[in-house]
Every structure is written in C-alpha cells, then in structure tokens.
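# Remarks on the overall topology
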Amino acid sequence: MSSHRGLLSRILGWLIAGLWFLCRVVLIAWAALAIYFSNLPWTELRLALAVAFAVFAIWALWFSRQRRMPAVFGVLFLGVAAWWISIPPSHDRPWRPEVAVMPRAFIDGDRVRITGVRNFDYRSRNDFTERWEEREVWLSHLTALDFYVAYFHEGPVGHTFVSFIFDNAPPLSISIETRPEVGEGFAPVASLFKQFELIYVVGEERDLVGVRTNHRGEPVYLYRLNTSADDARRLFMIYLTRINELADRPEFYHLLTNSCTINIVRYANAAGRAGRFDIRHLLNGLIDSYLYHSGRVDTTLPFDELRRRSLINEAARAAGDALDFPKRIRAALPTLSR
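In the nomenclature of an unreviewed UniProt entry, the chain is known as Lnb N-terminal periplasmic domain-containing protein of Afipia broomeae ATCC 49717.

Written out as structure tokens, the structure reads:
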C-alpha cells in the first residue's frame, strides 16, 4: 500500500512540475509576442526587445541561483502586461480602401438608413472602383437570414458572414472583419495581440460575395437558415447597435473573443438562440456541420449533398456584376420552406 501511495505521490509531483513548467513557458511566450506585436515603431527594435525578454526570463526562471530573479521576472511580466493593456484602438490609421469607411445606422421607427455601404466594382482583387453608398431598408420587410462560409483554403478555419433578406429590396450583407492598414494582411497570431481594429463591413452581395468567389478564388457556401422573421429582425437590430458603437468607439479584433463567428453566435444568443458553445464556433470552417446537426438549416438532404449544392462559386462567376446577382446565386440552392 505504501509503495502505491509513493508512486501516486511521485506522479502527482511530476504532474504539478509539468504544469508549472508549461505555465512559465506560456507566460514567457505571451509576453515576448506582446512586445513584438506592440505599438513600438520599428520591427527590429520590437524583435530585439522580445528576444531579450525571453532570454532573460529563461535565465531568471531556470538558470539563475539568485532567489530574487523569479520575482524580478514577475515584475517585468506585469509591466509588459500593463503596457500591452494600455495600447488603445484607433480610427485614425492609413486604412486599406476596402475598409476605409465605417458604416453607421440611423433608425427611425420601421425605417433604417445605413451609410457607408460598400458596393465596389472589381476588375481584380486589388483593382477596383470605390463606391460607398447609402441604403434604406424597412424592418417590417426583413423576412429571413442567410449564412455564408468562405475559405482561404478548404479546412477547419474560414470566414463567416450573414445576409439579411428583404421582400422589397436586395439582400444586405454584413461581414465582421479585421480593419487592416495599407500593406497589411491578416495574420492569425498577430490578431491575438491588438494588431487589427474591428469593422463591420456592410455591403451589397455582388461586392462582399463576388470579390471572394470571382476575384479571390475562395470557395463560398451559402446556407438558407430557417430563422423566423422576428428573430432575424432582432439580430439585425443588434448588428445595427454594434455598428454604431464601433463608429463611436474603436475596438480591437481578437481571433478568439471578438471575431466573425464568435460574434455571430453571441448576437444570435442575444436574439433568442438556444444552444451551448460548440468547438465548431472556433473551428468555423466546420460551422455548416454545426448548423446542420443543430437543425438550423434544411435537413431533408444528407449533409454532404446539402453542402455540395450550397457551393455558389460557379453561379457567382456566371452572374458576374449583374444587378440580379443575389437572385442568380440562389437559383440552384435547395428550396427551404421559410
């Protein structure tokens, strides 16, 4: 019996030591990355400081014989954390043209006027004519909600956005995205360290969908949700509130806490969705599987067949810049009884 207790005690000791080792590694890695992705002006300086911090931390925690070195590391870590937390978001940066205008909504009873609606004419992914428009829609004519999943590469991670469907006007798409500066592209690790502000891009489908299918070559899937009109209207109002909040106060995008699918799920919960967290909310390239198995899309077809028929790239390329682009990309979709 004593031998068993001794073995369990050693295993517990190894487990605690392993967790403490992992904890220190995570703290060092986070602080080094926070320094590198900070608001200091020069890449070389940020890299040098990040490396210097990591080297000192490793020496202080594992090699130094001075008992005060772990405390020194702790003070430095807290200083880095406080500095990082103090970095503010901004509306005043040299934005890429696609995200240069923040939308804003004006609500007057049933009538909603939205400024900063994107409707660019694209010749290629980087060659386009900018056009920012104003749209008026009526809440009483909002009837349904459609869901898009787009992929940089087919896999467990993608980009999701929604289109609000009206019975007297074209759909209105809203895409929760990073707001990159000129010369920037999306970087997952950097998005965890205040490198991108957040924007809700409001636009026409021939822009937000067409640029992905026809010019970026991204596979795009369109799913017709069985959301009620009332739930769609509640969700739309939540989106409009967030759009105005961002126009007034900038926020940082964060891949895990303030990103496309996470926010869609969060707002759906606020609008009345019943459901728990699912790992596919983070691995959002699999979100269509979640929608299917939770009954939020048509389940009369096998999932693989529904997914195959929901790929709209061919229809979008055939539609081109046609004014009836929304109608054409939906022509071959499985029928859903609203």
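We are not done yet, so read on.
Counting secondary structure elements, the chain contains eleven helices and ten strands. For the C-alpha atoms alone, the extent of the chain along its principal axes is close to 75 × 55 × 40 Å. Across the 338 residues in the chain, those meeting the buried criterion constitute 46%. Long-range contacts, defined here as pairs at least 24 residues apart, represent 67% of the contacts in the chain between residues at least 6 apart. The positive charge centre, built from 40 side chains, and the negative charge centre, built from 35, are 10 Å apart in the chain.

A few words on the pattern of salt bridges. Inspection of the entire model under this criterion finds 27 salt bridges. Across the pair Asp127 and Arg123 runs a salt bridge, and its minimum N-O distance is 3.1 Å. Exposure remark for Asp127: the relative accessible area of 34% places this residue in the partly exposed category. On the basis of relative accessible area, Arg123 is assigned to the partly exposed category, the value being 48%.

Taken residue by residue, a regular strand's side chains alternate between the two faces of the sheet. Pairing of strand β1 (residues 104–108) with strand β2 (residues 111–118) involves five bridges; the strand directions are antiparallel. Along β2, the bridge assignment pairs Ala105 with Ile114. As consecutive antiparallel partners, β1 and β2 are separated by two residues, and within that stretch Gly109 has a phi angle of approximately 65 degrees, a positive value.

Another point: the UniProt feature "domain: Lnb N-terminal periplasmic" (unreviewed entry) in the chain. What UniProt calls "domain: Lnb N-terminal periplasmic" (unreviewed entry) maps, in this numbering, to residues 129–273. Taken end to end, residues 129–273 comprises 28% helix and 31% strand; its first and last C-alpha atoms sit 39 Å apart.

With that out of the way, let us pick up the environment of Gly285. Looking at the secondary structure, you find Gly285 in the loop between α7 (260–270) and α8 (287–293). Classification of Gly285 by relative accessible area gives buried; the value is 3%. Each C-alpha atom, one on Gly285 and one on Val149, is 7.2 Å from the other, the two residues being 136 residues apart in sequence. Not counting chain neighbours up to four residues away, the residues in contact with Gly285 comprise Tyr151, Gly155, Pro156, Val157, Gly158 and Arg307.

Turning next to a nonpolar patch on the surface. Residues Val157, Leu256, Phe277, Ile279, Leu282, Leu283 and Leu286 make up a contiguous nonpolar surface patch of roughly 620 Å² in combined accessible area. Mapped onto the elements, Leu256 comes out in the loop between α6 (229–248) and α7.

The subject of this paragraph is the packing of aromatic side chains. A complete count under the given rule lists 25 aromatic pairs for this structure. Relative to Trp59, the ring of Phe56 lies with its centre 6.0 Å away and its plane at 45 degrees, an arrangement referred to as tilted. In this pair, Phe56 and Trp59 are both assigned in helix α2 (residues 43–63), three residues apart and thus about one turn of the helix distant. By relative accessible area, Phe56 is classed as partly exposed at 24%. Taking relative accessible area as the criterion, Trp59 reaches 37% and is therefore assigned partly exposed.

Taking burial as the measure, the seven residues of strand β9 (residues 197–203) include seven buried ones, the bulk of the element. Of the two faces of β9, the one carrying Glu197, Ile199, Val201 and Gly203 and the one carrying Leu198, Tyr200 and Val202 are both buried.

This next bit is on the packing of α6 against α7. Between α6 and α7, the shortest axis-to-axis distance is 9 Å and the interhelical angle comes to 125 degrees. With respect to their mutual orientation, α6 and α7 come out oblique. Considering how the two elements wind past one another, α6 and α7 form a crossing that is right-handed. Where α6 approaches α7, its residues Leu235, Ile238, Tyr239 and Arg242 are matched on the opposing element by Ile264, Tyr267, Ala268 and Ala270. Tallied by class, residues from the contact of α6 with α7 come to seven nonpolar, no polar and one charged.

Let us look at the side chain of Arg24. Along the chain, Arg24 falls in helix α1 (residues 2–36). In contact with Arg24, not counting residues within four places along its chain, are Leu61 and Trp62.

Our focus in this paragraph is α7. Extensive coverage of α7 is indicated by the burial of eight of its eleven residues. When we look at burial in α7, the residues that qualify are Cys260, Thr261, Ile262, Asn263, Ile264, Val265, Tyr267 and Ala268. Where α7 is buried, its residues contact β6 (142–150), β7 (159–166), β8 (172–179), β9, α6 and α8. Of the residues trailing α7, Gly272 is marked for its positive phi of about 125 degrees.

Once that is clear, we can look at the side chain of Asn244. Mapped onto the fold, Asn244 is located in helix α6. Reaching out from Asn244, the side chain makes a polar contact with the backbone nitrogen of Ala105 at a distance of 2.8 Å. With residues near it in sequence (within four places) discarded, Asn244 still touches Arg104 and Ala105.

Considering the arrangement of structural elements, one finds Leu78 in helix α3 (residues 69–86). Owing to a relative accessible area of 57%, Leu78 belongs among the exposed residues under this scheme. Between the C-alpha atoms of Leu78 and Arg266, which are 188 residues apart in sequence, the distance is 31 Å.

Reading the values: the criteria
Residues numbered from 1 in each chain as written. Predicted model: local features only at pLDDT ≥ 70, side-chain atom pairs only at ≥ 80, totals over all residues. Heavy atoms only, no water. Helix = DSSP H or I, 4+ residues; strand = E, 2+ residues; numbered from the N terminus. Buried < 20%, exposed > 50% of the residue type's maximum accessible area, 1.4 Å probe, protein only. Contact = heavy atoms within 4.5 Å. Lys, Arg positive; Asp, Glu negative; His and termini not counted. Charge placed at Lys NZ, Arg CZ, Asp CG, Glu CD. Salt bridge = Lys/Arg side-chain N within 4 Å of Asp/Glu carboxyl O. Pairing = 2+ DSSP bridges. UniProt positions renumbered as here; feature names shortened; annotations may be inferred. Patch = residues over 30% accessible without salt bridge, like charges linked within 9 Å, V, L, I, M, F, W, Y side chains within 5 Å. Areas by Shrake-Rupley, 256 points an atom, 1.4 Å probe, with all protein chains shown as cover. Phe/Tyr/Trp six-rings, centres within 6.5 Å; stacked < 30°, edge-to-face > 60°. Axes fitted to C-alpha atoms, helices over the stretch in contact; angles between N-to-C directions. Parallel < 35°, antiparallel > 145°, perpendicular 65-115°, else oblique. Left-handed = near helix turned anticlockwise from the far one by under 90°. Nonpolar A, V, L, I, M, F, W, Y, C, P; charged D, E, K, R; others polar. Polar contact = N/O pair within 3.5 Å; in protein donor to acceptor, adjacent residues only side chain to side chain.

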